[in-house]
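Descriptive analysis of the structure
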Amino acid sequence: MKKASLTVRSSKTRGVNVLGLAVAAAIAGQVTTASADLGSDITEALKGGTAYGDFRLRYEMVDQDNALKDADALTLRSRLGYKTGEVQGFSGVIEFEDSRNVAGMDDYDNTQGKNQGEYSVIADPETTELDQGYLQYKNELVTTKFGRQVLTLDNHRFVGHVGWRQDRQTFDAVTLNATPIKDLSIQYAFLDQRNRILAEEADVNSKDHLLNVGYKTPFGKLSAYAYLLENEDVEDDALDTYGLRFNGKAEVSSDLKALYTLEYATQDKEAVAGDNDADYMNLEAGAEFKGVTAKLGYEVLGSDDGDYGFSTPLATLHKFNGWADQFLATPKQGLVDMSVAVSGTLAGVKLAAVYHEFEADEESNDVDDLGSELDLSVTKKFSDNYSGGIKYAAYSAGDSGANKVDTDKAWLWVSAKF
C-alpha cells in the first residue's frame, strides 16, 4: 500500500511538472513572438523614419556710434535630423546643428573671445552640437518627451527657442503636454540644462519647473503660468514668475477683425546680493483689414525702486523690444516699450514695420528717455523649400545715460529646407 501511495504521489508530481512545463512553454512562445513582433516594429520604425535638413546662409552687419569697429559676419547654419516612425506610441528624434563662418567674413566679436573689444558683437559663434535628441510617447490625451528638445510657451515672451540666432536655444528636459478635456491644455516641463545660443560654453545647469495651463474660449485663449527657475551654476540664484495672459481676436465684419492681448505677471528674484520683486504688464490692441495688420503695444517690464528690472532669461528676446537687441537685459530702472506695428503681404512679399519708444519704468535724473527704434523687414517664400529676406533695425539712443549708443543693424539671408 505504501508503494502504491508513493506511486500515486509520484504520478501527481509528474502531472504538475508536465502542466507547468506546458504553461511555461506557451508563455515563452508568446513572449518570444511578442518580442519578435516588437523587434520587427522597431526595425520598421527606424527604416520608415524621415530625414530632414534646414540650412540658412546669412549676412549680418552692425554699425555702432562708439569706438568699436563695424562688424560683418557671413555664417551658415546647418541642421540635420532624423525622426523615426512610431511604435506603440513611441518615437524618437536626433538632430545636429552646426554654425560656420563662410568666405573668411568674420570681423566681429563672437562672444567667445574672438575680436573682443575691437569689433561690435554678432552673437553667432562657430559651434557644432547636438541640437535635439529625445524619446517621445504620444496618445490621444498626452504627449511626453525626454531628452534635449525645443520648447516654447505662448508667444515666446518667457520661454522660447531664439530661432533668430544661428545656434538656437534648446533644453535638456522632461516635458508633458496633456489635453484632459476639450479646449483645456496643460504643459509641464522640468529643465535640467539650458542650452543657450552662444555654444556649449554658455550652457547653464538648472533646476527649472515650468507650468502653463491654457483654456480656449470663444473670445480667445486664457493662460495661467508659473515659471520657477533656479540657476545651479550661481549660488542662491532663483527667479519665480506667476502670471495670467489673455489673447484673442473677434470678427467685426467679413473684412475686419479686432485683435487684443492682456497680460500681467509678478516676479520674485532671489540672489546673494538680496531679494527683489517686479511686475510685468502687456497691453495690445489692433486690427486686421483685408490682409493688413496694425497693432498698438504697451509693455512694461517693471523695476524694484530702480534696483532691479523684470527679467525673462528663457525668452526669445530678439522678438521683443526692438531687433537691434539693445534691451536683452532689462535695465535695473525697468523698461516701458510703446510700439506701433504694421504688416501685410504685397505680391507674395511679406512686409513689416515696427516703431518703438522706450522709457524707464523708474525714472530718475540720470535715466528717463531710453531712446527709440525703427525696424523694417521684407521676406519672401519662393517655394515650400526656399525662402529669403532682408531686415533692418535703427536704434537711436535717448537723452539720458543707460550705456546705450546709436546702433544700426542689417541682415540678408536665404534658407532651404528639405
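About the criteria used
Residues numbered from 1 in each chain as written. Predicted model: local features only at pLDDT ≥ 70, side-chain atom pairs only at ≥ 80, totals over all residues. Heavy atoms only, no water. Helix = DSSP H or I, 4+ residues; strand = E, 2+ residues; numbered from the N terminus. Rg over C-alpha atoms; globule rule 2.2 N^0.38 Å. Buried < 20%, exposed > 50% of the residue type's maximum accessible area, 1.4 Å probe, protein only. UniProt positions renumbered as here; feature names shortened; annotations may be inferred. Core = buried A, V, L, I, M, F, W, Y, C linked by side-chain atoms within 4.5 Å. Contact = heavy atoms within 4.5 Å. Phe/Tyr/Trp six-rings, centres within 6.5 Å; stacked < 30°, edge-to-face > 60°. pLDDT = per-residue confidence, 0-100. Salt bridge = Lys/Arg side-chain N within 4 Å of Asp/Glu carboxyl O. Patch = residues over 30% accessible without salt bridge, like charges linked within 9 Å, V, L, I, M, F, W, Y side chains within 5 Å. Areas by Shrake-Rupley, 256 points an atom, 1.4 Å probe, with all protein chains shown as cover. Polar contact = N/O pair within 3.5 Å; in protein donor to acceptor, adjacent residues only side chain to side chain. Pairing = 2+ DSSP bridges.

Helices and strands together make up the secondary structure of the protein chain, namely one helix and 18 strands. Against the 2.2 N^0.38 benchmark of 22 Å for 418 residues, the protein chain shows a C-alpha radius of gyration of 28 Å, more extended than a compact globule. For the protein chain, the spread of C-alpha atoms along the principal axes amounts to about 115 × 55 × 50 Å. Of all 418 residues assigned to the protein chain, the portion counted as buried reaches 41%.

Moving on: the UniProt feature "domain: Alginate export" (unreviewed entry) in the protein chain. According to UniProt, the feature "domain: Alginate export" (unreviewed entry) maps to residues 54-293 in the numbering used here. Taken end to end, residues 54-293 is 0% helix and 64% strand, and its first and last C-alpha atoms sit 29 Å apart.

In this structure, Phe158, Val159, Leu191 and Leu210 are the most contacted members of the largest nonpolar core, which totals 34 residues. Only strand 6 (170-178), strand 7 (184-195), strand 9 (220-230), strand 12 (276-289), strand 15 (349-359), strand 17 (386-396) and strand 18 (407-417) provide two or more residues apiece to this core. When residues of this core are assigned to their parent elements, the largest contribution, three residues, is made by strand 9. Non-local contacts of phenylalanine 158, meaning those with residues more than four positions away in its chain, are made with Tyr225, Tyr227, Thr241, Glu263, Ala265, Tyr280, Phe310, Thr312, Leu314 and Ala315. Residues Val62, Ala71, Ala73 and Tyr108 belong to the second largest nonpolar core, which totals five residues.

Aromatic ring pairs are described here by two measures, namely the spacing of the ring centres and the angle between the planes. Following the criterion strictly, the structure yields 14 aromatic pairs and no others. Aromatic pair phenylalanine 158 and tyrosine 280: ring centres 5.6 Å apart, planes at 80 degrees, arrangement edge-to-face. Here the residue phenylalanine 158 occupies a position in the loop between strand 5 (142-149) and strand 6, and tyrosine 280 occupies one in strand 12, the gap between them amounting to 122 residues. You can call phenylalanine 158 buried: its relative accessible area is 8%. Accessibility expressed as a relative area gives 1% for tyrosine 280, which makes it buried. Between phenylalanine 358 and tyrosine 395 the ring centres are 6.3 Å apart and the planes differ by 45 degrees, which places this aromatic pair in the tilted class. Residue phenylalanine 358 is found in strand 15, and its partner tyrosine 395 is found in strand 17; the two are separated by 37 residues along the sequence. Assessed through its relative accessible area of 0%, phenylalanine 358 is described here as buried. Through pairs of rings, three or more aromatic residues link up here, namely Phe158, Tyr225, Tyr227, Tyr280 and Phe310.

Take the confidence of the model for the protein chain next. In this model, the protein chain carries an average pLDDT of 91, and 90% of its residues clear a pLDDT of 70 or more. The model gives residues 1-16 a pLDDT under 50, and that stretch makes zero contacts with residues more than four places away or in other chains.

Under the criterion given, the structure shown has 20 salt bridges. Between arginine 58 and aspartate 124 there is a salt bridge, with the nearest N and O atoms lying 3.2 Å from each other. In this pair, arginine 58 is assigned in strand 1 (residues 50-64) and aspartate 124 in the loop between strand 3 (90-107) and strand 4 (127-138), connecting sequence segments 66 residues apart. Judged by relative accessible area, which is 1%, arginine 58 ranks as buried. A network of salt bridges, in which partner residues are shared, links Asp54, Arg77, Arg79, Glu95, Glu97, Asp131 and Arg168.

All right, on to a nonpolar patch on the surface then. Judged by side-chain polarity, Val292, Leu296, Val340, Val342, Tyr355, Leu374, Leu376 and Tyr392 come together as a nonpolar surface patch covering roughly 640 Å² of accessible area. Among the structural elements, valine 342 can be located in strand 14 (residues 335-346). For valine 342, a relative accessible area of 41% puts it in the partly exposed group.

So, about unusual backbone geometry. The backbone phi angle of glutamine 88 is positive, close to 50 degrees, even though this residue is not glycine. Relative to the helices and strands, glutamine 88 is located in the loop between strand 2 (71-83) and strand 3. A relative accessible area of 61% means that glutamine 88 is categorised as exposed. A positive phi angle, near 70 degrees, is found at alanine 199, a position not held by glycine. The residue alanine 199 is located in the loop between strand 7 and strand 8 (204-217) in this model.

Attention now moves to the environment of threonine 127. Structurally, threonine 127 can be placed in strand 4. Sequence spacing of threonine 127 and aspartate 167 is 40 residues, and the spatial spacing of their C-alpha atoms is 7.7 Å. The contacts of threonine 127, once residues within four sequence positions are left out, are Glu97, Asp98, Ser99, Arg100, Asp167 and Ala199.

On to the environment of valine 213, then. By the element assignment, valine 213 lies in strand 8. The class of valine 213 is partly exposed, set by a relative accessible area of 31%. A C-alpha to C-alpha distance of 17 Å links valine 213 and threonine 261, two positions 48 residues apart in sequence. With near-sequence residues (within four places) excluded, valine 213 lies in contact with Leu184, Ser185, Ile186, Leu222, Ser223 and Ala224.

For the rest of this paragraph, the subject is the side chain of lysine 269. One can find lysine 269 in strand 11 (residues 256-270). Residue class for lysine 269 comes out buried when judged on its relative accessible area of 18%. A distance of 2.6 Å separates a polar atom in the side chain of lysine 269 from a polar atom in the side chain of aspartate 237. Those residues within four positions of lysine 269 in sequence are excluded, and the remaining contacts are Asp237, Ala238, Leu239, Gly274, Asp275, Asn276 and Tyr308.

It is worth spelling out the pairing of strand 6 at this point. As judged from the eight bridges shared by strand 5 and strand 6, these two strands associate in the antiparallel manner. Its bridge partner lying in strand 6, threonine 144 is registered against leucine 176. Between strand 6 and strand 7, which follow one another and run antiparallel, lie five residues, and aspartate 183 among them has a positive phi close to 75 degrees.

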